Amino acid sequence: MSEKVRFGVIGAGGIARRKTIPGMLKADNCEVVAVMDPVGVRAIAKEFGIRRAYRTEKELLADPQVQAVYIASPVYCHLKQIQMAAAAGKHILCEKPLAMNTSQAQKAVEACRRHKVFLQEGYMMKFHGAHRKIKQLIDEGRLGKVVYMRAQLSCWYPPIKGAWRQDPRKGGGGALIDMASHLFDLLEYFAGPVRRVVALIGRQVQNYKPEDSATILLEFRSGAHASVDCFYCIPDEASRTRLEVYGSAGAIFTEGTIGQSRGGKMEGIFGLGTAGYDAAQDKDVQRVFEPIPFEEVDPYTAECSYFAEGILNGRPPKINDGKNAVRILRIVDQAYASYRRKAILSV
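Below is a short write-up of the structure. (Residues numbered from 1 in each chain as written. Predicted model: local features only at pLDDT ≥ 70, side-chain atom pairs only at ≥ 80, totals over all residues. Heavy atoms only, no water.)

Some remarks on the packing of aromatic side chains
Point 1. This model, assessed by the stated rule, comprises nine aromatic pairs.
Point 2. When the ring of Tyr208 is compared with that of Tyr232, the centres are 6.4 Å apart and the planes differ by 75 degrees; the resulting orientation is edge-to-face. Highlighted residues: Tyr208 in the loop between β8 (194-202) and β9 (213-220) and Tyr232 in the loop between β10 (225-231) and β11 (242-247), separated in sequence by 24 residues.
Point 3. Overall, Tyr208 belongs to the buried group, its relative accessible area being 7%.
Point 4. Judged by its relative accessible area of 1%, Tyr232 falls in the buried class.
Point 5. The structure contains a cluster of three or more aromatic residues connected by ring pairs, namely Tyr148, Tyr246, Phe253 and Phe289. (Phe/Tyr/Trp six-rings, centres within 6.5 Å; stacked < 30°, edge-to-face > 60°. Helix = DSSP H or I, 4+ residues; strand = E, 2+ residues; numbered from the N terminus. Buried < 20%, exposed > 50% of the residue type's maximum accessible area, 1.4 Å probe, protein only.)

Focus: the nonpolar core
Point 1. By size, the foremost hydrophobic cluster in this structure holds 108 residues, and its most contacted members are Ile92, Leu176, Phe184, Leu187, Ile216 and Leu218.
Point 2. Considering each element in turn, this core owes the most residues, eleven residues, to helix α8 (residues 175-191).
Point 3. Setting aside chain neighbours within four positions, we find Leu218 in contact with Phe184, Leu187, Val194, Arg196, Val197, Ala224, His225, Ala226, Val228 and Ile331. (Core = buried A, V, L, I, M, F, W, Y, C linked by side-chain atoms within 4.5 Å. Contact = heavy atoms within 4.5 Å.)

Considering the packing of α8 against helix α10 (residues 322-340)
Point 1. Closest axis-to-axis distance for the α8/α10 pair is 10 Å, and the angle between their directions is 125 degrees. By the angle class used here, α8 and α10 are oblique. Between α8 and α10 lies a crossing of right-handed hand. Within the contact between the two elements, α8 uses Leu176, Ile177, Ser181, Phe184, Asp185 and Glu188 and α10 uses Asn324, Arg327, Ile328, Leu329, Ile331, Val332, Ala335 and Tyr336. (Axes fitted to C-alpha atoms, helices over the stretch in contact; angles between N-to-C directions. Parallel < 35°, antiparallel > 145°, perpendicular 65-115°, else oblique. Left-handed = near helix turned anticlockwise from the far one by under 90°.)

Here's the deal with the pairing of strand β1 (residues 5-10)
Point 1. Of all the six residues making up β1, five are buried; the element is thus mostly covered by neighbouring parts of the structure.
Point 2. Across six bridges, the pairing between β1 and strand β2 (residues 30-36) is parallel. Among the inter-strand pairings, Ile10 is bridged to a residue of β2, identified as Met36.
Point 3. What joins β1 to β2 is helix α1 (residues 14-25), and the crossover it makes is right-handed.
Point 4. The pairing of β1 with strand β4 (residues 68-71) spans four bridges and is classified as parallel. Residue pairing across strands places Phe7 opposite Ala68, the latter belonging to β4. (Pairing = 2+ DSSP bridges. Right-handed = clockwise from strand over helix to strand, strands pointing away.)

Some details on the packing of α1 against helix α2 (residues 41-48)
Point 1. Close contact between α1 and α2 brings their axes to 11 Å; oriented N to C, the two are set at 40 degrees. The orientation of α1 with respect to α2, classified from their angle, is oblique. Every pair of crossing elements has a handedness; the one defined by α1 and α2 is right-handed. Note on element contacts: α2 touches α1 through Ala43, Ile44, Glu47 and Phe48, opposite Arg17, Ile21, Pro22 and Leu25.
Point 2. Among the residues forming the contact of α1 with α2, the class breakdown is six nonpolar, no polar and two charged. (Nonpolar A, V, L, I, M, F, W, Y, C, P; charged D, E, K, R; others polar.)

Concerning unusual backbone geometry
Point 1. Of note, the bond from Lys96 into Pro97 is cis; its omega dihedral lies within 30 degrees of zero at -20 degrees.
Point 2. Along the chain, Pro97 turns up in the loop between β5 (91-94) and α5 (102-114).
Point 3. Phi angles above zero are rare outside glycine, and Lys116 is one such case at about 60 degrees.
Point 4. For Lys116, the position within the fold is in the loop between α5 and β6 (119-121).
Point 5. Even without being glycine, Gln281 reaches a positive phi, approximately 50 degrees.
Point 6. Summarising the element assignment, Gln281 is placed in the loop between β13 (265-269) and β14 (290-291).

Following this line, the structure appears as structure tokens:
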């Protein structure tokens, strides 16, 4: 059995070029043997020292050296490319969201099941060292019962000619499907399945068709609540990408862990919830939050290594599998549907 999985990359520009290919190259069990992109693929191959460069999926999938593919193309291409890769017998790591909607995601999962290939979705934030540490602390009971979470992911995304995320026919929507879906996945990692979702969406600043604003309320089967706020119209410098997790015995705060980085900072307070009621409710008292150290790992390296390890050992992924992909898109679809059912209140 080979010690490395040989990957081909479909859609080698964008996130693949910036983050995932460099991450793969650092993984001990991954080798990138081919890249495909309709534009500038030879320059990408040269940049990373990759010998094979293709302009079509069909050419890459016909390459016998390719054992698995990483798909990082625009979302509207995912279903067809997953079906093609599955039919070619290639295991598939696909960027999020898996497809344009729940129905397409189900078809993608079925194609992989039918052709007996592994499928993993690229929600890499579960692999961030801080988020793994939070999961550990929750599982150990350090927070007591998780009762409320807030997750924030915003950026400045002005109109860009030809940008597929700014065309709902190619991306499925805007800030909600693109960024909030990341946070739905992360919060389910901490608190379990979502059972109810309500959303506000809109275009406040940018003048393209999909929403630049999304604020979502979630209720989990456990009873926990959460709020998610994602905007394409807040300058990057103004958003601290905060994550807040509150429990009956303490809280954890992070800044800079949500996103595409490996760093950030985290602090927490624990061992609470045993005192009597404080009638004074003086909220200006000093709270003692302690820094929480975590292992800094490249989440892209970690997710690729995890997928490759499963292939090498004949073990399908449990993290970010097809079932999870369908669940997250169902939450996305329900969030959009909740907004379309809005009631108008005149005051």
